[in-house]
Amino acid sequence: MDLFDYVREQNKENESPLASRLRPVNLDEVVGQEHIIGKDKLLYRAIQADQLSSVLFYGPPGTGKTTLAKVIANTTSAVFLQLNATSAGKKDMEEVVRKAKDNAGMYGKKTILFIDEIHRFNKGQQDYLLPFVEDGTVILIGATTENPYFEVNGALLSRSIIFELHPLTTRNILTLLTRAITDTERGLGAYQAVADEDALEFLAEIAGGDARMALNALELGVLTTERSEDGKIHITKEVMGECIQKRVVRYDKTGDYHYDTISAFIKSMRGSDPDAAIYYLARMLYAGEDIKFIARRIMICAAEDVSNADPMALVVATSASQAVERIGMPEARIILAQAAGYVASAPKSNSAVVAIDEAMEVVQNEKIKTIPAHLQDAHYRGAEKLGRGIGYQYAHNYPNHYVKQQYLPDELEGRKFYRPSQNGYEKKILEYFEKIGKE
């Protein structure tokens, strides 16, 4: 490294964002994630003993994935190399492998390779790494915001330990903010900023578990607020409100939080909890989820989980779907809330999904070709000579507009698919069956 490189590195360190400057240099400085780096936990012991095997860090942005990698870099005696999957190509990977082989052969040192956003690597890139991870040429640390079980090759998964990082708690972020505003070496202490207690609490709570977001907002507040007459920068709740205009909602339309939130939404409707259903609806709407997608899920829930216990549920859900397409936001939120609330509050039955799934299984697995002759089409010339439609009894000619006759194929006679529940309108269906003598 020449003098110019040294100066560039020093400037980069001094001018980097607060969140980067405050990254811990050892395990004792790490805040949060006690479930994986508590002093009695496997990861803590492995880092301390410098005996780390390949790992994948999985969690939301701002939870400390890169931070843990940097701590390992500061702790290990191995050579630490880093790639970002968004920009690294085949040549970069080949160069890393070459260096790792040299480190092992010439110096007897292990090589730890940290790949940020490893989910961005395609299958071919991940396959390229596999043999070098397997034979120990590199010890892999991968960081991803996406579920590794979906985005990382199974072969790499089987050779790595997965550690899931959780969103930081409000108290965790408050600890980091307090450290940031008082630290004179790496933080904002030199600015002589004074933050109101309620300002830091507000920022810690509204950051939604994202430490980077909170620290960036604090830094923005300190750098853009004029000094008061006492020579200090006063950070108030109002200042913090300007720095974060909108609450952070963990939601990605293609990631885990998308699926987790819609799953919670559906399960809340199924579980007859309209309050929770509307909360998750609000969360999706706030994050900008497609209202047509939400409407489709409500329709599916109405058919799958309410069924004929309340036939109006599907009518309401379908009408809501049509209405939101015509009206759009923001008024669509009201329509979706009405539909979600109705479906959540309706009596529940899964009789329709059970019936069709059982019938589909029979169609797939049992060779049944016949249709009773009396049910076959008798409207074409010659049908009667072929026995089509002969013996069919027209239901409306009988009391209660019902007559007992065979409808299922011979091979399935007596088989039950639709079994109404005792809930809601389906109880009336059962009563009707009993009235007409249907078994």
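Up top you'll find the structure we're talking about.
Residues numbered from 1 in each chain as written. Predicted model: local features only at pLDDT ≥ 70, side-chain atom pairs only at ≥ 80, totals over all residues. Heavy atoms only, no water.

## Details of a nonpolar patch on the surface
On the surface, Met312, Val315 and Tyr342 cluster together into a nonpolar patch covering about 250 Å² of accessible area. Of note, valine 315 is situated in helix H17 (residues 312-327). Taking the relative accessible area as the measure of exposure, valine 315 reaches 42% and is therefore partly exposed. (Patch = residues over 30% accessible without salt bridge, like charges linked within 9 Å, V, L, I, M, F, W, Y side chains within 5 Å. Areas by Shrake-Rupley, 256 points an atom, 1.4 Å probe, with all protein chains shown as cover. Salt bridge = Lys/Arg side-chain N within 4 Å of Asp/Glu carboxyl O. Helix = DSSP H or I, 4+ residues; strand = E, 2+ residues; numbered from the N terminus. Buried < 20%, exposed > 50% of the residue type's maximum accessible area, 1.4 Å probe, protein only.)

## Focus on H17
Note that an α-helix has 3.6 residues per turn; residues three or four places apart therefore point the same way. With 16 residues, H17 should reach 22 Å at 1.5 Å per residue; the first-to-last C-alpha distance of 22 Å fits that figure. Among the residues making up H17, those that are buried are Ala313, Val316, Ala317, Ala320, Ser321 and Val324. An end-on view of H17 places all buried positions within 140° of arc, on one side of the element. Away from its buried face by more than 90 degrees, H17 exposes Glu325 and Arg326. In this fold, the buried residues of H17 make contact with helix H16 (291-306) and helix H18 (332-345). Phi turns positive one or two residues past the end of H17, at glycine 328, with a value near 75°. (Expected span 1.5 Å × (residues − 1). Arc of directions from axis to C-beta. Contact = heavy atoms within 4.5 Å.)

## Digging into the nonpolar core
The tendency in soluble globular proteins is for nonpolar side chains to be buried side by side. With 31 residues, the main nonpolar core has Leu177, Leu203, Leu218 and Met240 as its most contacted residues. For this core, the secondary-structure elements that each account for two or more residues are helix H2 (18-21), helix H10 (170-182), strand S6 (193-195), helix H11 (197-206), helix H12 (211-224), strand S7 (233-235) and helix H13 (237-243). Sorting elements by how many residues they give to this core places H12 first, with six residues. With residues near it in sequence (within four places) discarded, leucine 203 still touches Leu177, Ala214, Ala217, Leu218, Met240 and Ile244. (Core = buried A, V, L, I, M, F, W, Y, C linked by side-chain atoms within 4.5 Å.)

## Observations regarding the sheet that holds strand S2 (residues 79-84)
On the basis of which strands lie adjacent, the open sheet formed by five strands has the order S2-S3-S4-S1-S5 and parallel pairing. Either end of the sheet is taken by a strand with one partner, and the two such strands are S2 and strand S5 (161-164). Taking each pair of neighbouring strands and ignoring which way they run, the sheet shows an average axis angle of 15°. Note that strand S1 (residues 55-58) and S5 share four bridges and pair parallel. Residue pairing in the sheet places leucine 56 in a bridge with isoleucine 162 of S5. Packed on one face of the sheet, helix H5 (residues 65-75) meets S1, S2, strand S3 (111-116) and strand S4 (139-144) and runs near 145° to S1. (Pairing = 2+ DSSP bridges. Axes fitted to C-alpha atoms, helices over the stretch in contact; angles between N-to-C directions.)

## Some remarks on a negative patch on the surface
Together, Asp196, Glu197, Asp198, Glu201, Glu238 and Glu242 make up a region of like negative charge exposed at the surface. Elements represented by at least two residues in the negative patch include exactly H11 and H13. Mapped onto the elements of the fold, aspartate 196 is located in the loop between S6 and H11. Aspartate 196 sits in the partly exposed class, given a relative accessible area of 32%. (Lys, Arg positive; Asp, Glu negative; His and termini not counted. Charge placed at Lys NZ, Arg CZ, Asp CG, Glu CD.)

## Quick word on unusual backbone geometry
In this structure, proline 330 follows methionine 329 across a cis peptide bond, with omega equal to 10°. In this structure, proline 330 sits in the loop between H17 and H18. In this structure, serine 272 takes a positive phi of about 60° despite not being glycine. By the secondary structure assignment, serine 272 is in the loop between helix H14 (256-270) and helix H15 (274-286). The residue histidine 401 is not glycine, and still its phi comes out positive at about 55°.

## Examining the packing of aromatic side chains
A complete count under the given rule lists five aromatic pairs for this structure. Measuring from centroid to centroid gives 6.3 Å for phenylalanine 57 and phenylalanine 163, while their planes differ by 50°, and the two rings are tilted. Here the residue phenylalanine 57 occupies a position in strand S1, and phenylalanine 163 occupies one in strand S5, the gap between them amounting to 106 residues. Overall, the relative accessible area of 0% leaves phenylalanine 57 in the buried class. (Phe/Tyr/Trp six-rings, centres within 6.5 Å; stacked < 30°, edge-to-face > 60°.)

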